[in-house]
Amino acid sequence: MSQLKVNLIKCLSDNYSYIIFNPNSKKAIIVDPAEAKPLVDVVNKLNLNLEYILITHHHEDHVGGNIELKNKFNCKIIGYADDANRIPGIDITIKDKEIFNFEDDEIQLNFSPGHTSGHIFYYFKKSKLAFVGDVVFSLGCGRIFEGNSNDMYKSVMKIKSLPNEVKIFCGHEYTESNLKFCLAYDENNDHLKQRATEVKDLRNKGLPTIPTTVLDEKNTNIFFRCNDKAISQKLGLEGQPPEKVFKKLRELKDNF
Ligand code: ZN
Ligand code: FE
């Protein structure tokens, strides 16, 4: 069993950055430092030895803390080789499917374009954790800024194909607004109704809705459910391939 713990840190207005650490060795990783200050505070408070920063994509709200953290803790910044020129302070470049070791875990980088052309997610194989940046959110998926709907569809399917029990850690707290969209086009889904109650309850208490799991997203996230008959019917796309349903849903969500 892996020993790794994950701390979720709220940053900026609705970003989440993550600190993953071994409580025994104190060795730590940060994923997507939106800003330095709240992360510096946690690293110091827990007395962690920050070794690496992992970056999912180059957007400012995911790399904003890079340089300050690197200067302060002398850690190494890791990102996708083909997008290295857009990631501030990058030290180590990794290719698609490449694995690197941290403590007793194996972390696999997975190319997942669509939100940006160089977006990746990180899969901790033993701990069964996925840090997905802005590809998938709970009950939603990222906006398509670079690339097309098919790229994004394939990227979302890569996350969907991970084992059911994998915990998904995404870059933003967008769950409540995503929920409204899912309910509008998937209103007879009992899993979704159940999740709606949970989400509202958590948000009323000011708590994060993250992490979610692959299984929960399969049951409730409309972008994972493009094969569902009721949904394609609702969109007037019955019998059409899931890629088409996905494209339509993304367009509808952009204007929702
Ligand atoms: Zn982004
Ligand atoms: Fe973002």
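In what follows, the structure referred to is the one given above.
Conventions adopted
Residues numbered from 1 in each chain as written. Chains lettered and ligands numbered in written order. Predicted model: local features only at pLDDT ≥ 70, side-chain atom pairs only at ≥ 80, totals over all residues. Heavy atoms only, no water. Helix = DSSP H or I, 4+ residues; strand = E, 2+ residues; numbered from the N terminus. Rg over C-alpha atoms; globule rule 2.2 N^0.38 Å. Buried < 20%, exposed > 50% of the residue type's maximum accessible area, 1.4 Å probe, protein only. Contact = heavy atoms within 4.5 Å. Areas by Shrake-Rupley, 256 points an atom, 1.4 Å probe, with all protein chains shown as cover. Lys, Arg positive; Asp, Glu negative; His and termini not counted. Charge placed at Lys NZ, Arg CZ, Asp CG, Glu CD. Pairing = 2+ DSSP bridges. Donors = N, O, S within 2.8 Å, 3.2 Å for Na, K, Ca; no water. Tetrahedral: all angles 85-135°; square planar, octahedral: opposite > 155°, others 65-115°. Axes fitted to C-alpha atoms, helices over the stretch in contact; angles between N-to-C directions. Parallel < 35°, antiparallel > 145°, perpendicular 65-115°, else oblique. Nonpolar A, V, L, I, M, F, W, Y, C, P; charged D, E, K, R; others polar. Salt bridge = Lys/Arg side-chain N within 4 Å of Asp/Glu carboxyl O.

1. A word on the overall build of the protein
The secondary structure content of the protein amounts to nine helices and 14 strands. For 256 residues, the compact-globule formula gives about 18 Å, and the C-alpha radius of gyration of the protein, at 18 Å, lands near that figure. By principal-axis analysis of the C-alpha atoms, the protein measures approximately 55 × 40 × 35 Å. Classification of the 256 residues of the protein by burial places 52% in the buried group. In the protein, 57% of the contacts between residues at least 6 apart in sequence involve partners at least 24 apart. In the structure as shown, the protein presents an accessible area of about 11,400 Å², 46% of it carried by carbon and sulfur atoms. Here the protein carries 35 positive and 35 negative side-chain charges, and the mean point of each set is 2 Å from the other.

2. Let's talk about the sheet that holds strand E14 (residues 212-213)
On the basis of which strands lie adjacent, the open sheet formed by six strands has the order E7-E8-E9-E10-E13-E14 and mixed pairing. The open sheet is flanked by strand E7 (99-102) and E14, the only strands paired with a single partner. The pairing of strand E10 (residues 129-133) with strand E13 (residues 167-170) spans four bridges and is parallel. Across the sheet, residue Leu-129 finds its bridge partner in E13, namely Lys-167.

3. So, the coordination of the iron ion (ligand 2)
Taken together, the protein donors to the iron ion (ligand 2) comprise Asp-61 (OD), His-62 (NE2), Asp-134 (OD) and His-172 (NE2), at separations of 2.1 to 2.4 Å. For the iron ion (ligand 2), the four donor atoms are set out with angles of 82 to 171 degrees between them, so the coordination reads as irregular. The sequence pattern describing where the donors of the iron ion (ligand 2) fall on their chain is D-H-x71-D-x37-H. A separation of 3.1 Å is found between the iron ion (ligand 2) and the zinc ion (ligand 1), both of which receive a donor from Asp-134. Taken together, the residues span a long stretch of sequence, with Asp-134 in the loop between E10 and strand E11 (136-137) and His-172 in the loop between E13 and helix H5 (175-185) at a distance of 38 residues.

4. Things to note about the coordination of the zinc ion (ligand 1)
Bound to the zinc ion (ligand 1) on the protein side are His-57 (NE2), His-59 (ND1), His-115 (NE2) and Asp-134 (OD), at distances that span 2.2 to 2.3 Å. One can describe the site at the zinc ion (ligand 1) as irregular: its four donor atoms subtend angles covering 88 to 174 degrees at the metal. Since its relative accessible area comes to 5%, His-115 is described here as buried.

5. Section: the packing of helix H4 (residues 149-160) against helix H9 (residues 242-254)
Contact pair H4 / H9: the axes reach a minimum separation of 10 Å and the direction vectors enclose 110 degrees. Relative to H9, H4 is oriented roughly perpendicular. When H4 is examined against H9, the residues Ser-149, Asn-150, Met-152, Tyr-153 and Val-156 are found in contact with a partner set consisting of Pro-242, Glu-243, Phe-246 and Lys-247. Here the residues of the contact of H4 with H9 sort into five nonpolar, two polar and two charged.

6. Quick look at the pattern of salt bridges
Note that side chains of opposite charge can pair when their charged atoms are close. Under the defined criterion, the tally for this structure stands at 14 salt bridges. Its salt-bridge partner being Asp-186, residue Arg-225 comes within 3.0 Å of it at the nearest N-O pair. Taken together, the residues Arg-225 in the loop between helix H7 (214-220) and helix H8 (229-234) and Asp-186 in the loop between H5 and helix H6 (190-204) connect sequence positions 39 residues apart. Grouping residues by exposure puts Arg-225 and Asp-186 together as buried. For Asp-201, the salt bridge goes to Lys-205, with nearest N and O atoms at 3.2 Å.

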